[in-house]
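# A look at the structure
What follows is the residue order along each chain.
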Amino acid sequence: MSRVLVVDDSLTVRMDLVEAFESVGIDAEPCASLAEARRSLAASLPGLVVLDVQLPDGSGFDLLAELRQDSATRDLPVMILSSEGQVDSRIRGVQGGASEYVGKPYDTTWLIGRARELLSDVDDDADAPLVLAIDDSATQRAMLSYVLTQAGYRFASAETGEEGLRLAAALRPQLILVDGMLPGIQGAEVIRRLRMDPGLRQTPCIYLTGSYDGGAEIPAFDAGADSFLEKDGDNTVLLTRIGALLRRMDGAATRDAAPSSMGSKRILAIDDSLTYLQALADELRDEGYDVVTASSGAEGLALLSAQPVDCILLDMIMPEMSGEETCQRIKADASIRDIPLIFLTAREEREAMIAGIKAGADDYIPKSADFDVLKARLLAQLRRKQYEDENRQFREELLRREMEASEARAARELAETRARLLADLEAKNAALGDANEALLRAKDAAEQQSRYKSRFLANMSHELRTPMNAIIGFSELLEQELFGTLNDKQKEYVGHVVSSAHYLLNLINDILDLSKVEAGKIELRRELVPMETVIGVAETVAAPLASKRQVAFSVDCPDDLPALYLDPTRIKQVLYNLLSNAIKFTPNGGRVVMRVEVEPEVEVRIAVEDTGVGIREEDLDRLFKEFEQIEPIGGVKPKGTGLGLALSQRLVHMHNGHISVRSKVGEGSTFTVHLPLSAGLGAPGLADPERRERPVLVVDDDPASAELIVGYLQSGGLPTAVASTAREAMQRVGALQPQAVTLDVRLPDEDGWSVLARLRQEAATAELPVVIVSMLDEPNRGLLLGASDYLVKPVTRAGLLDALAMLGCAVARVDDTRVVVVGRSAPLLERAAARVRGVGCPATRLDDVAAALAWSPDCLLLGPEVHATGVPEGIAVVRLGTRLHDGDRHHLSPEDLEETHRVVRVIRAALDDATQEPA
Amino acid sequence: MTTPVLLLEDDPLNRRLVCELLSAMEVDVLDATGVDEAWEKLQALEPDAPAPIVGLLDIQTPGGGGLALLERIRATPRLADMRLVALTAYAMPGDESRFLEAGFDDYMSKPIDTRAFMTALRSWLDPGNRGGA
């Protein structure tokens, strides 16, 4: 139990306070001087010091300063109790570290209450519980006092609601009994206010009702009473109920240390007339107010900045700072503007009143009025302020609850939304799974179908060819008169058999070809082909046909045609088809021209123009439809299956191009094959040598896998670089500007998907060819994310190189090239041979050129000392070593041999050169 | 005196056709309609007689066809030098490379062009024209 040290030189004060403290169970030790106080403090520390300022052996402020300097007593609560009602003294006290400053004469109840508050800041007293009863009936109070004291409780009582609230704030009882019927504010209202007060909200309240007012307890419960009892009932019930409530509170909530808003009120009175001030202060102190007096506006403002007050009484007319100005200053300060302010003035002046209210005063009282009027108005202002505060607290409470509720609601909604999304996601996943399964089944079925179809086609082809063999073979035997001469008729008939058989064979071939396209069975075998080769072959085949039919045939072709990445057999087939049609439908003496045009970066156009019969406009659409042979014009019955154009169109479509047609009846037709350069047909590697030098970046964290891919790429003549993490990949893409990227999905730091997404987001790499090479079979995901192609591991060399070639990389392949390495410089030649074999082409080592030629090689790698004399045209020649001979156009230095891709590129270039030489 | 050509062909007309062509070229032929018959005829050769130079093998015949016969011939040292040609009506894309990969030295699809056949046969029979495969 904490002790209170009461330091005051007035015996009356010491006696009064010690008695008052002890009446509420608090030990108090009186000291008449600073010396006495210092001795007591040295002996043991109290829980609180009540300290007078003017003492015989010095100033209380000195002791306060000493206490505040010592770390042991820095936090010891000190209540200054001073007859120095003056503002500067108060300020000095508060700023010197006083916990409270109370002016004399003091209100004992308030002082004790405040003292208990300060004490409860430092410890919790284990006293007998204090019960406060608020009841206007003296008999009832006496009865309660007796019963409760007998039961071991401490007891306090109040007659009115307001007094009860003040006492509750001052005494902090453990339990409050509230009579329902009270003068002034009703019991229910008292409870409601208790519940609003942060310091008292948890104090249990019992509502007492007369036995006759049934249902009266309802407003009390509404207001927040914990229990209710009938008056004049069994006291045992009362005690039991009190016991139960206290037990419930015990430990559940240590008493709230928050200061109550309902304590004794502190009034600041500012007036230059000390006489009036003194009289006013005395009057108000009698009412239990703590009154602070200030003799000027400046002093008042100084105090307000140090200690809050509950109401300000302000003289209107003062020297220096006027009441009006003081009022304006107070109202301009947000921290004090809410304090009720009442003007006092000597005379009843209308203007003064108006000026005061205008300046922000809440009320106006003439000094001439009775103090009772003043007290009543003061009380009204305080009550108003109280209501406002309570209202504000109430609103804040409501707001707080509303916020809690809305937070809870938001959390619940969030959870619900999450749950809904999760359910949606699961449903979608399930649907996706089903769809995937269905797709897989459909794919299986389609593949099965396709297998059946291609097996059927193969069988059909075989079965048709077998008898065709006999028909053509034997009729040719006859026609060739190998077994005796034929007469003219026999010869003519056999000729019919032979040509019809060949026609039938063509028909069979066309049908099978078309079926193969339909079944997706025709696979393009693309390679980088110089356009001249394709044009040249078509020309060679078509020229004899034209001369036989006496049709003039010419080719109009620019010099430097680009190389295209296409299937030469199929494109030749298309051109031959168009040319033979043109020749077929052009009458004797007509003209057929094959015209080649290049529109850089757009397309290559190969037009076949004739001066034939032409085609009716309405027939143009049907021209490319299989089995739809159009009506002959001018009696020319077309000979053919009607499949040739349909097949040609499909083959060109497979190259991402198309065939267009223009025609005029009687003048002729033009069929044009459009081969786009942009859709991978072009060879940007040739067009853009700079790009060809840039590497293909291989992103793979598995060294073995990376090495394999690097090997494949190099065998296609492509320079390479490797990155093993997503981070490294992004860095190397920035630094190297690769011509393409192969990207593994599983990487140690981030997955390949996000690398792909980042590449696609940046403008510089948005178009960069990226081929996913992954164990995961999720091509759709890859392609959706922007992959240029998707390969599933294990990849094949052909698959990888084809994919990159399609993306415009200058893939140079030499794998089915027969290479002979000629010479006697063993180590260099061995190295070259090994390197060439590493690329996948057969390489032989021989001593001289003559021996090499007997192997019918495609390419000779000649040692430094070997002369290239006697090498026929069409065989590529590459010189090994740094020294060049006359006529050497391609060479591999020893350094070049270090890099597979260079070897491949040089051989490839030599091969191209050799085949492009005019024969 | 050795027989320079072995012919495996089950279709009578086509067998007859090749035989006629060979007789026109005055080339002797050992002909068989199935793998077993062909194998028996090869086994029946005198032990020290040279093997046929060329085998013209149809792919689809009784007993597993040309591929089965090819395997037996390749596994027999004294027949190792035989030049084997797939003479077949299998002429879909990929068929040619399929047979070459299986070990045939050459491939000709049916229906044959009789003149082309005779030219090719002459080169197959030419012992100086052995490739360095």
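Here the structure is shown first, and the text comes after it.
Below you will find a few notes about this structure. (Residues numbered from 1 in each chain as written. Chains lettered and ligands numbered in written order. Predicted model: local features only at pLDDT ≥ 70, side-chain atom pairs only at ≥ 80, totals over all residues. Heavy atoms only, no water.)

## With respect to the overall build of chain B
When helices and strands are tallied, chain B shows 5 helices and 5 strands. Reading the helices (α) and strands (β) of chain B from amino to carboxyl end gives β-α-β-α-β-α-β-α-β-α. Looking at chain B as a whole, 49% of its 133 residues qualify as buried. Summed over all atoms, the accessible surface of chain B reaches about 6200 Å², with 50% contributed by carbon and sulfur. (Helix = DSSP H or I, 4+ residues; strand = E, 2+ residues; numbered from the N terminus. Buried < 20%, exposed > 50% of the residue type's maximum accessible area, 1.4 Å probe, protein only. Areas by Shrake-Rupley, 256 points an atom, 1.4 Å probe, with all protein chains shown as cover.)

## Some points on the packing of aromatic side chains
Residue and element names in this part refer to chain B. Counting across every chain of the model gives 4 aromatic pairs over all chains. Between Phe99 and Phe104, the ring centres sit 6.4 Å apart and the planes meet at 90°, which makes this aromatic pair edge-to-face. The pair Phe99 / Phe104 is uniform in exposure class, with both members buried. Centre to centre, the rings of Phe117 and Trp124 are 6.5 Å apart; their planes meet at 75°, and the pair counts as edge-to-face. We note that Phe117, like Trp124, is buried. In textbook terms, an aromatic cluster arises when at least three aromatic residues are bridged by ring pairs, as seen for Phe99, Phe104 and Tyr107. Taking the ring centre of Tyr90 as reference, the NZ or CZ of Arg98 above it sits at 6.0 Å. (Phe/Tyr/Trp six-rings, centres within 6.5 Å; stacked < 30°, edge-to-face > 60°. Lys NZ or Arg CZ within 6 Å of the ring centre and 35° of its normal.)

## Topic: a nonpolar patch on the surface
All names here are of chain A. A cluster of nonpolar side chains, contributed by Met353, Ile354 and Ile357, occupies part of the molecular surface with about 230 Å² of accessible area. Mapped onto the secondary structure, Ile354 falls in helix α14 (residues 350–359). By relative accessible area, Ile354 is classed as partly exposed at 37%. (Patch = residues over 30% accessible without salt bridge, like charges linked within 9 Å, V, L, I, M, F, W, Y side chains within 5 Å. Salt bridge = Lys/Arg side-chain N within 4 Å of Asp/Glu carboxyl O.)

## Regarding helix α6 (residues 138–150) of chain A
Residues and elements named next belong to chain A. The end-to-end C-alpha distance of α6, which contains 13 residues, comes to 18 Å, matching closely the 18 Å that a straight helix rising 1.5 Å per residue would cover. Where α6 is concerned, the buried positions are Gln140, Arg141, Leu144, Val147 and Leu148. Projection of α6 onto a plane perpendicular to its axis shows the buried side chains occupying an angular sector of 140°, all on one side. Facing away from the buried side of α6 by more than 90 degrees, the exposed set consists of Thr139, Tyr146 and Gln150. Downstream of α6 by one or two residues, Gly152 has phi in the positive range, about 100°. (Expected span 1.5 Å × (residues − 1). Arc of directions from axis to C-beta.)

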